[in-house]
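Descriptive structure summary
Single-letter residue listing:
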Amino acid sequence: MQVNIKNLIDDAQCYDTVRELRWPEGRQCPLCDSKRVTRRGSDEKEPARQRYECKACGKRFDDLTDTLFAGHHQPLKVWILCLYFMGLNLSNEQIARELDLDRSDVQQMTTQLREGVVKKSQQ
């Protein structure tokens, strides 16, 4: 029996973790930093991805807005697994095989993740 690691990762837990890391003091607007934020449903394709609206400036955003995970076709759990495999020092080719992705997609993902880690460490 072969187990696909992507099936072992829980989408809801990935989003809960992103929310906890991103907003340790509670959700706030990425535009004006207001904490007057209300929930506005969830994403159709990823139900664990929460949508919000800022009551101060009216901006609508979600859990991934203005993060390096935003605007990509891979689900959040695939990004988390890619980051995990990078921590294990797997090559892009090995990561692509494990996640059943094209090597060029993995190259793009690992580059963005590395750049994000460097940018965060310089803040």
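Residues numbered from 1 in each chain as written. Predicted model: local features only at pLDDT ≥ 70, side-chain atom pairs only at ≥ 80, totals over all residues. Heavy atoms only, no water.

1. Focus: the state of the cysteines
Counting across every chain of the model gives 0 disulfides. No disulfide involves Cys 14; its sulfur sits 13 Å from that of Cys 82, the nearest cysteine. A residue is classified by how much of its surface remains accessible, and Cys 14, at 8% relative accessible area, is buried. Of the cysteine sulfurs around Cys 54, a residue in no disulfide, the closest is that of Cys 32, at 3.6 Å. For Cys 54, a relative accessible area of 1% puts it in the buried group. (Disulfide = S-S within 2.5 Å. Buried < 20%, exposed > 50% of the residue type's maximum accessible area, 1.4 Å probe, protein only.)

2. Overview of helix H2 (residues 76-87)
With 12 residues, H2 ought to run about 16 Å at 1.5 Å a step, and its terminal C-alpha atoms sit 17 Å apart, in line with that. Those residues of H2 that fall on the buried side of the exposure criterion are Leu 76, Lys 77, Val 78, Trp 79, Leu 81, Cys 82, Phe 85 and Met 86. One or two residues past the end of H2 sits Asn 89, with phi positive at roughly 65°. (Helix = DSSP H or I, 4+ residues; strand = E, 2+ residues; numbered from the N terminus. Expected span 1.5 Å × (residues − 1).)

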